[in-house]
Amino acid sequence: MNIPRLVVAAPSSGAGKTTIATGLIAALAARGLAVSPHKVGPDYIDPGYHGLAAGRPGRNLDAFMCGPERIAPLFLHGAAGADVAVVEGVMGLFDGASGRGELASTAHVSKLLRAPVVLVVDASSQSRSVAALVHGFASWDPEVRLAGVILNRVASDRHELLLREALEEGSGVPVLGSVRRSAAVATPSRHLGLIPAVERSAEALRAVADMGELVAASVDLDAVLALARTAPPLTAEPWDPAREVASLGSDAGAAPGAAAGAVRPRIAVAGGAAFSFSYAENTELLTAAGAEVVPFDPLHADALPEGTAGLVIGGGFPELYVRELSANGQLRAAIAAFAASGGPVSAECAGLLYLGRELDGLPMCGVLDTSARMTERLTLGYREAVALEDSMLLPGGARLRGHEFHRTVCEPEHGERPAWGWRLPTGLHFEGFAGATGAENVHASYLHLHWAGYPQLAAAFTAAAAAHRAG
């Protein structure tokens, strides 16, 4: 299968990758092309802006959490029907999982996708030196095809001329565009990065439109498309959630009730501004496993969706909406009652905070015997976790990879049955709750998981929801 594609990378974070990638997506979509947006790494926020620009979900390509072997299949699944795909990188081009070489880096993913790379260079404080920088990145790994440069934050026509002359003389990499400094396309940020697009609504749409207009006026889109079309065909089969679930076998396959004509267990998935972190493949796997997935917004709903048999609460920013979440006592009580009835609940990060007794001193759902508060310390990084005991989701001893990203702490940070254990430089770390108040039906942790890497999670959770409905 051949989908024209390119990877947008940079020498380091902060060079303007998100602005350029989102602008490219918007500008190409404005030409009437179907653009498939992707993001290297675990970040949930950038794909939100990509999705606004493209009119289809932004999807993550994380070789650490999903495995290198799934990157091309996941790409082909997400890019089905697209005319062109734009993949935004993460950090600097060669920055990968700490201590693991190129694993999960933008360079690694570009090689797995056999995609040309466009390097976004922040030119605000350099002129001729830009050629040395680009030459170094182009020659560092001969398997990475660095095929174009977009100059960002260029000060003037004179500055642009100096940059272009240096690159023509010393790098051999063509310049595809030169983008001037612009306050109009700035995307506001806070303690965990950019403000998610779902929180900004009309402002986010305007910002995305501004990015598209800026890139359309500053970048040679015909040259970009021509470059994307040089990517060779990929031989992988597109990822298929139904096939993934079926491959698990009868012990961990589709849930009871998933057969034709049977009632599908209804799984409520929290969303909205407070719980905006999710991977599209997670819900696709739940559906493939036999569930009816129903989204709801805890900021506005006063009850769980009718007939809820399972509850998934993912990541987000509950600390910013703590007063509204706390004031919605009807929903908090409904969630507590659902958990007490044996209803299966899976929660990550924001969901963990919401299920606790308190967040920053205000009452939450009270399902977990823990309280959370904001701190100044950022906890960030990939984790290799081990399930310490049998739980609703996994057997004890199961190993998987996830990502941690928060500025809150829970006290205590785990229950009598911790969800996970992993090693840190300071020693073995236990975290999360695999069972609450004696129940086996609640699994909550700070660890973000991409279920495409572990489809058994969706199968097990759907089976638990079906059993709860039947009971």
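Residues take numbers from 1 onward in each chain, read along the sequence in its written order. Two thresholds apply to this predicted model, a pLDDT of at least 70 for residue-level local features and 80 or more for giving and counting side-chain atom pairs, whereas whole-chain, interface and lining totals are computed over all residues. Neither water nor hydrogens contribute to the side-chain values; these are computed over all heavy atoms in the structure.

Draft legend 1. Summary view of the state of the cysteines. Our working definition of a disulfide is a cysteine sulfur pair at a distance within 2.5 Å. Across all of its chains, the model carries zero disulfides by this definition. Free of any disulfide, Cys-349 has its nearest cysteine sulfur in Cys-410, 8.7 Å distant. Each residue is placed in one exposure class: buried if its accessible area under a 1.4 Å probe, protein chains only, is under 20% of its type's maximum, exposed if it is over 50%, and partly exposed if it falls in between. By relative accessible area, Cys-410 is classed as buried at 7%.

Draft legend 2. Seen up close, a nonpolar patch on the surface. Patch rule: a residue counts if its relative accessible area is over 30% and it has no salt bridge; like charges are joined within 9 Å, and nonpolar side chains (Val, Leu, Ile, Met, Phe, Trp, Tyr) within 5 Å. Surface accessibility follows the Shrake-Rupley procedure with a 1.4 Å probe radius. Residue values consider only the protein chains on display as shielding. Salt bridges, as used here, are contacts in which a Lys or Arg side-chain nitrogen is within 4 Å of a carboxyl oxygen on Asp or Glu. Taken together, the side chains of Leu-388, Leu-428 and Phe-430 make up a nonpolar region of the molecular surface, amounting to roughly 250 Å² of accessible area. Secondary structure elements follow DSSP: runs of H or I of four or more residues count as helices, runs of E of two or more count as strands, with numbering from the N terminus. Mapped onto the secondary structure, Leu-428 falls in strand β19 (residues 427-431).

Draft legend 3. Examining the packing of aromatic side chains more closely. Pairs were defined over the aromatic rings of Phe, Tyr and Trp, the Trp ring being its six-membered one, requiring ring centres within 6.5 Å. Orientation was assigned from the angle between planes: stacked under 30 degrees, edge-to-face over 60, tilted for the rest. All told, the structure shown has seven aromatic pairs when counted by the stated rule. Taken together, a centroid distance of 4.8 Å and an interplanar angle of 5° make the contact between Tyr-44 and Phe-277 stacked. A residue pair is termed long-range when its members are at least 10 positions apart, and Tyr-44 in the loop between β2 (35-40) and α2 (45-54) and Phe-277 in the loop between β10 (266-270) and α12 (280-288) qualify at 233 residues. A relative accessible area of 13% places Tyr-44 in the buried class. On the numbers, 4.3 Å between centres and 25° between planes, the contact of Phe-64 with Tyr-382 is stacked. A residue pair is termed long-range when its members are at least 10 positions apart, and Phe-64 in helix α3 (residues 63-66) and Tyr-382 in strand β16 (residues 371-387) qualify at 318 residues. On the basis of relative accessibility, which here comes to 4%, the residue Phe-64 falls in the buried class. One aromatic cluster in this structure is built from Tyr-44, Phe-277, Tyr-279 and Phe-317.

Draft legend 4. Highlighting unusual backbone geometry. For the bond from Glu-411 to Pro-412, the omega torsion is -5°, close enough to zero to count as cis. Of note in this structure, Ala-104 is not a glycine but carries a positive phi near 70°. Secondary-structure assignment places Ala-104 in the loop between β4 (84-88) and α5 (106-113).

Draft legend 5. How the structure looks around the packing of helix α6 (residues 129-140) against helix α7 (residues 157-170). Where α6 contacts α7, the axes come no closer than 8 Å and their chain directions differ by 45°. In terms of their interaxial angle, α6 and α7 are classed as oblique. In the packing of α6 onto α7, the handedness of the crossing is right-handed. Packed against α6, whose contacting residues are Val-130, Ala-131, Val-134 and His-135, the element α7 presents Leu-163, Ala-166, Leu-167 and Gly-170 at the interface. Under this scheme, a helix contributes an axis fitted over its contacting stretch, all axes are lines through C-alpha atoms, and angles between N-to-C directions fall in the 0 to 180 degree range. Oblique is the label for every angle not falling under 35 degrees (roughly parallel), over 145 degrees (roughly antiparallel), or within 65 to 115 degrees (roughly perpendicular). The crossing is said to be left-handed when, going from far helix to near helix, the turn is anticlockwise and less than a right angle, and right-handed when the turn is clockwise. Any two residues whose heavy atoms approach within 4.5 Å are treated as being in contact.

Draft legend 6. Here's a closer look at the sheet that holds β2. Read from one edge of the open sheet, seven strands run β3-β2-β4-β1-β5-β6-β7, paired in parallel fashion. A strand with exactly one partner marks an edge of an open sheet, and here the two such strands are β3 (59-61) and β7 (175-180). Within this sheet the neighbouring strands show an average axis-to-axis angle of 25°, counted without direction. In this fold helix α1 (residues 17-30) packs onto β1 (5-9), β2, β4, β5 (117-122), β6 (146-154) and β7, with an angle of close to 170° to the strand it touches most, β4. Against the sheet, α7 contacts β6 and β7, and its axis sits at roughly 155° relative to β7. Any two strands with at least two DSSP-identified bridges between them are counted as paired.

Draft legend 7. Region of interest: the sheet that holds strand β21 (residues 442-445). Taken in spatial order, the six strands of this open sheet run β11-β10-β12-β13-β21-β20, and their pairing is mixed. The open sheet terminates on both sides in strands that have one partner only, identified here as β11 (292-296) and β20 (433-434). Bridge count for β20 against β21 is two bridges, and the pairing is antiparallel. The residue of β21 that forms the bridge with Phe-433 is Ala-444. Strands in contact with α12 are β10, β11 and β12 (308-313); relative to β11, the strand with the most contacts, it is inclined by about 140°.

Draft legend 8. Spotlight on the nonpolar core. Core analysis: the biggest nonpolar cluster contains 110 residues, and Leu-24, Phe-75 and Trp-420 have the highest contact counts within it. Of all the elements, α1 adds the most residues to this core, at seven residues. In this view, Phe-75 contacts Ile-3, Arg-5, His-38, Leu-61, Ala-85, Val-87, Leu-113 and Leu-234; residues no more than four positions away in its chain are not counted. Counting residues in each nonpolar core, the second largest holds 37 residues, with Ala-301, Ile-335, Leu-359 and Leu-368 among its members. Buried residues of nine kinds, namely Ala, Val, Leu, Ile, Met, Phe, Trp, Tyr and Cys, make up a nonpolar core once their side-chain atoms join them within 4.5 Å.

Draft legend 9. Inspection of the packing of α1 against helix α10 (residues 221-228) at higher detail. It is at 11 Å that the axes of α1 and α10 come closest, and there the two elements cross at 100°. Considering the angle they form, α1 stands roughly perpendicular to α10. Between α1 and α10, the contacting residues are Leu-24, Ala-27 and Leu-28 on the first element and Leu-221, Val-224 and Leu-225 on the second. Ten residues, namely Ala, Val, Leu, Ile, Met, Phe, Trp, Tyr, Cys and Pro, are considered nonpolar, four, namely Asp, Glu, Lys and Arg, are considered charged, and the remaining ones, Gly among them, are considered polar. Partitioning the contact of α1 with α10 into residue classes produces six nonpolar, no polar and no charged.

Draft legend 10. Geometry of α2. Along α2, eight of the 10 residues are buried, which leaves the element largely enclosed by surrounding structure. Turning to α2, its buried residues are Ile-45, Asp-46, Pro-47, Tyr-49, His-50, Gly-51, Ala-53 and Ala-54. Following α2 by one or two positions, Gly-55 has its phi on the positive side, about 75°.

Draft legend 11. Here's a closer look at empty space enclosed by the protein. Using protein atoms alone on a 1 Å grid, points that fit a 1.4 Å probe yet trap it form a cavity, whereas open point sets bounded by protein on both sides within 12 Å along at least five of seven lines form a pocket; residues with an atom within 4 Å of a point count as lining. Grid points are joined across faces, edges and corners, and a volume is the space filled by probe spheres set on the points. Summed over the entire model, instances satisfying the criterion amount to three cavities of 30 Å³ or more. Approximately 180 Å³ is the volume attributed to the largest cavity. Forming the boundary of the largest cavity are 16 residues, of which Phe-277, Ser-278, Asn-282, Val-312 and Gly-314 lie nearest the centre. When contributions to the lining of the largest cavity are tallied by element, the ones reaching two or more residues are β10, α12, β12 and β13 (345-348). A total of three residues in the lining of the largest cavity trace back to one element, the largest contributor, which is α12.

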